[in-house]
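Summary of structural features
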Amino acid sequence: MDADLPDVGARVTPLVIEAVDPARMLVLAALLDDPVPIHYDPEAVGTPGEGGRTVNQGPLALGYLGRMLRAWTEGAADLRRIRCRLHANVLAGDRLECGGEVVETDPRAGACRIAVWVRRDGVDVVTGSAELRWPDAAGRTG
Amino acid sequence: MTSRRSPYAGLAGRWLPGGAVDLGPHVAWLWSHCIGEEPVAGEADPTVGWLLAMRGLGVPLEGLFALVDADADSGVVLGEAELVLERAPRVGERLRSTVAIEEVVRKHGARSGTFDVMRLRIDLHDATDERVVTLVNRLVFPRGDDRGR
């Protein structure tokens, strides 16, 4: 993508996480000094349907979405803001589809707002929005 | 969903210690690994700002949970997060964190039961006192028994 702003309605190139990796949860739990056992101990996960699979830390979804946006813009845009609401637990082994759609552009600021989501089996587990700014696009009128 | 005053509402406005937090190269690398990005030495994914802010609380997570009589087994989850980046954090820099509890509200839903939501704000400033990161987390503390309050 060049420095021209995307059009409203443009879809972000999706990012697919084929299987959420429990080993990465362990790394984040250590980085955070996070004592919550559902992120590292399968035996602590007792909710029916979770089947002893550890629960992905919510902010990793924020990271997936940031990664998706960075890849889509090929690093040309700055991530200025990202907001995520988490609707359901994501479990080790889950397949996730991350996506987004441009909902607003501001040519003078060289910025756009994007609705973002993470879906599992077609159902939203995370929804939110992100703001990107293209330094090279600021001041353009179209 | 209904809302009412939380018994912990008085925590609003309380500052946590905060302090200094470093974006060491290993932290940047490991965050990129966690989100499935190919880590590049000396570079940081901007969303590492979330991790940095949480590493800058100045208290262990257990200490934060204890403020609302919760612990690691209480089912605490992140309900919402908003990360604002004035610029991307840079590998090797030290940022100063300020941390405040902005609000605690009690909610009740037919399916979700009773829970408290803590809105926690963390700001990270650089050596020139420019703000680099603002993170606002909404942490959800289930209250299965409503604590009788």
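Structure's up top.
Notes on the structure in this doc start here. What you are looking at is a predicted structure, and each value in this text was computed from that prediction instead of being measured. (Residues numbered from 1 in each chain as written. Chains lettered and ligands numbered in written order. Predicted model: local features only at pLDDT ≥ 70, side-chain atom pairs only at ≥ 80, totals over all residues.)

**Details of the interface of chain A and chain B**
The cut-off we apply is this: The contact rule is simple: place each C-beta atom from the backbone, and if two of them lie within 7 Å, those residues are in contact. For helices the rule is a DSSP run of H or I covering at least 4 residues; for strands it is a run of E covering at least 2, with both sets numbered from the N terminus onward. When residue character is reported, Ala, Val, Leu, Ile, Met, Phe, Trp, Tyr, Cys and Pro are called nonpolar, Asp, Glu, Lys and Arg charged, and the others, Gly included, polar. When DSSP finds two or more bridges between two strands, those strands count as paired.
Taken together, the contact pairs 27 residues of chain A with 28 residues of chain B. Counting only elements with at least two residues in the side of chain A that touches chain B, the list comes to α1 (22–32), α2 (58–72) and β2 (78–86) of chain A. Taken together, the residues that form the side of chain A that touches chain B break down as 16 nonpolar, three polar and eight charged. The pairing of β2 of chain A with strand β3 (residues 77–85) of chain B spans five bridges and is antiparallel. Directly across from Arg81 of chain A, in β3 of chain B, lies its bridge partner Val84 of chain B.

**Looking at the pairing of strand β5 (residues 113–125) of chain B**
All names here are of chain B. In terms of strand pairing, strand β4 (residues 94–109) meets β5 through 13 bridges, oriented antiparallel. Along β5, the bridge assignment pairs Ser97 with Leu124. Taking the residues that link successive antiparallel strands as the turn, the β4-β5 hairpin has three residues. The sheet contact formed by β5 and strand β6 (residues 131–142) spans 11 bridges and is antiparallel. Looking across to β6, one finds that Asp116 is bridged to Phe141.

**So, the packing of α1 of chain A against helix α1 (residues 25–34) of chain B**
Put simply, the test is: Interaxial angle, 0 to 180 degrees, is taken between N-to-C directions of lines fitted to C-alpha atoms, where a helix line uses only the stretch in contact. Left-handed describes a crossing in which the near helix is turned anticlockwise from the far one by less than a right angle; the clockwise case is right-handed.
Running from N to C, α1 of chain A and α1 of chain B cross one another at 145 degrees; their axes reach a closest spacing of 9 Å. Along this stretch, α1 of chain A crosses α1 of chain B, giving a crossing that reads as left-handed. Contact residues: Arg24, Val27, Leu28 and Leu31 of chain A in α1 of chain A; Val27, Leu30, His33 and Cys34 of chain B in α1 of chain B. Taken together, the residues of the contact of α1 of chain A with α1 of chain B sort by class into six nonpolar, one polar and one charged.

**Some points on the environment of Leu83 of chain B**
Residue and element names in this part refer to chain B. Counted only if it meets this: Burial is judged by counting the other C-beta atoms within 10 Å of a residue's own C-beta: 20 or more makes it buried, 12 or fewer makes it exposed, and any count in between marks it as partly exposed, with every C-beta position built from the backbone.
Secondary-structure assignment places Leu83 in strand β3. Exposure remark for Leu83: the 27 C-beta atoms within 10 Å place this residue in the buried category. Distance from Leu83 to Val136, taken between C-alpha atoms, is 6.6 Å for residues 53 residues apart in sequence.

**Regarding α1 of chain A**
Put simply, the rule is: Directions drawn from the helix axis to the C-beta atoms are what define this arc.
Taken residue by residue, α1 of chain A has Met25, Leu28 and Ala29 of chain A as its buried positions. Buried residues of α1 of chain A, seen end-on, are gathered within an arc of 105 degrees and therefore sit on one face of the element. Along α1 of chain A, exposed side chains directed more than 90 degrees from the buried face belong to Ala23 and Ala30 of chain A. On its buried side, α1 of chain A packs onto α2 of chain A together with α1 of chain B. Just downstream of α1 of chain A lies Asp33 of chain A, where phi reads positive at about 55 degrees.

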